Amino acid sequence: KYKQPYTVKEKIHEMERYAKTNNIPIIEVESIKFIMKYIKLNNVKSVLEIGSAIGYSAILMANASPDVEITTIEKDEKRYREAVKNINKCGLDKRVDVVYNDALEVNLAGHSYDLIFIDAAKAQYQKFFEKFKINLNENGIIVCDNLNFHNLNINEVSRGTRQLLKKIERFKEFLENNDEFATTIYNVGDGISVSKR
Ligand code: SAH
Ligand code: MG
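Rules used throughout
- Residues numbered from 1 in each chain as written.
- Chains lettered and ligands numbered in written order.
- Predicted model: local features only at pLDDT ≥ 70, side-chain atom pairs only at ≥ 80, totals over all residues.
- Heavy atoms only, no water.
- Patch = residues over 30% accessible without salt bridge, like charges linked within 9 Å, V, L, I, M, F, W, Y side chains within 5 Å.
- Areas by Shrake-Rupley, 256 points an atom, 1.4 Å probe, with all protein chains shown as cover.
- Salt bridge = Lys/Arg side-chain N within 4 Å of Asp/Glu carboxyl O.
- Lys, Arg positive; Asp, Glu negative; His and termini not counted.
- Charge placed at Lys NZ, Arg CZ, Asp CG, Glu CD.
- Helix = DSSP H or I, 4+ residues; strand = E, 2+ residues; numbered from the N terminus.
- Buried < 20%, exposed > 50% of the residue type's maximum accessible area, 1.4 Å probe, protein only.
- Arc of directions from axis to C-beta.
- Contact = heavy atoms within 4.5 Å.
- Pairing = 2+ DSSP bridges.
- Axes fitted to C-alpha atoms, helices over the stretch in contact; angles between N-to-C directions.

Colleague: Could you give an account of a positive patch on the surface, with specific residues and numbers?
Modeller: Judged by side-chain charge, Lys127, Arg159, Lys166, Lys167 and Arg170 come together as a positively charged surface patch. Among the elements that take part in the positive patch, helix α6 (residues 159-176) stands out by supplying 4 residues, more than any other. The topology assignment puts Arg170 in helix α6.

Colleague: An account of unusual backbone geometry is needed here, citing residue identities and associated values.
Modeller: The phi angle at Asn43 is positive, at roughly 55°, despite the residue not being glycine. Inspection of the secondary structure puts Asn43 in the loop between α2 (29-41) and β1 (46-50). Not every positive phi belongs to a glycine, and Asn146 is a case in point at roughly 70°. As for its placement among the helices and strands, Asn146 is situated in the loop between β5 (136-144) and α6.

Colleague: Would you mind going over the pattern of salt bridges in detail, with residue names and values included?
Modeller: The tally for this structure, following the rule as stated, stands at 7 salt bridges. In this structure, the salt-bridge partner of Glu77 is Arg81, at a minimum N-O distance of 2.5 Å. Residue Glu77 and its partner Arg81 are located together in helix α4 (residues 77-89), separated by 4 residues, close to a single helical turn. The partly exposed category is assigned to Glu77, whose relative accessible area is 36%. Arg197 is the partner of Glu180 in a salt bridge, and the nearest nitrogen-oxygen pair spans 3.4 Å. Taken together, the residues Glu180 in the loop between α6 and β6 (182-186) and Arg197 in the segment after β7 (192-196) connect sequence positions 17 residues apart. Looking at Arg197, the relative accessible area reads 42%, which means it is partly exposed. In the salt-bridge network here, residues are joined through shared partners; they are Lys133, Glu180 and Arg197.

Colleague: Could you give an account of helix α5 (residues 125-132), with specific residues and numbers?
Modeller: Turning to α5, its buried residues number three or more, namely Tyr125, Phe128, Phe129 and Phe132. In a view along the axis of α5, the buried residues occupy a sector of 100°, so they form one face of it. Of the surrounding secondary structure, the elements contacted by the buried residues of α5 are β1, β4 (113-118), β5, α6 and β7.

Colleague: Provide a residue-level description of the sheet that holds strand β3 (residues 96-100), including the pertinent values.
Modeller: Backbone hydrogen bonds hold the strands of a sheet together, and the pairing may be parallel or antiparallel. Taken together, the 7 strands give an open sheet; going across it, the order is β3-β2-β1-β4-β5-β7-β6, and neighbouring strands pair in mixed fashion. The open sheet has two edge strands, β3 and β6, and neither has a second partner. On average, each strand axis in the sheet is tilted by 15° relative to the strand beside it, whichever way the strands run. Bridge count for strand β2 (residues 69-74) against β3 is 5 bridges, and the pairing is parallel. Looking at β3, one finds that Ile70 is bridged to Val96.

The following block contains the structure:
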């Protein structure tokens, strides 16, 4: 039987349901709206995303402007495949390139981006930040998600989560004390930082 092509809106709702059922941590609505607005207002042409999951945030960022191209990196094979499938279904495969690899292994020499969105393993944010800052265009920004980490109370979580919360706190200190970048942390969604040279 002939299948109707998806509209992006339908696909987005389907992905939200899939993420919920499969426990995939996709970005909160207010945070992605914030990023999409930034893309539109600042005429962003190129985005690097660390952590694609199933392609949800990448598809929405691509939808913010027909002029934006996105490279997004995912190390989990199942999620990578799901992201590619979703991006194809939205007809965005020409503008969204999904790279299947550990972001810390990827070589992006010679590529530069107007916006770098870090949304992968929270314990490694500083590593990602320091690795990819050379790929940021002069007036570009680096955005990091989940800096509030669901507002968990450090005294009421498991040891592993406590370590993670401490790492996020250390990353925030790294941002605050950074001589090269000025950072604002917004209490939007799960907490996002915006860093500018
Ligand atoms: N940006 C997505 C959500 C990403 S969830 C959205 O909002 O729709 C975080 C993802 O980062 C997970 O799928 C995880 O597999 C991936 N990840 C974690 N560490 C990574 C690494 N070092 N390199 C690439 N991907 C990584
Ligand atoms: Mg996130």
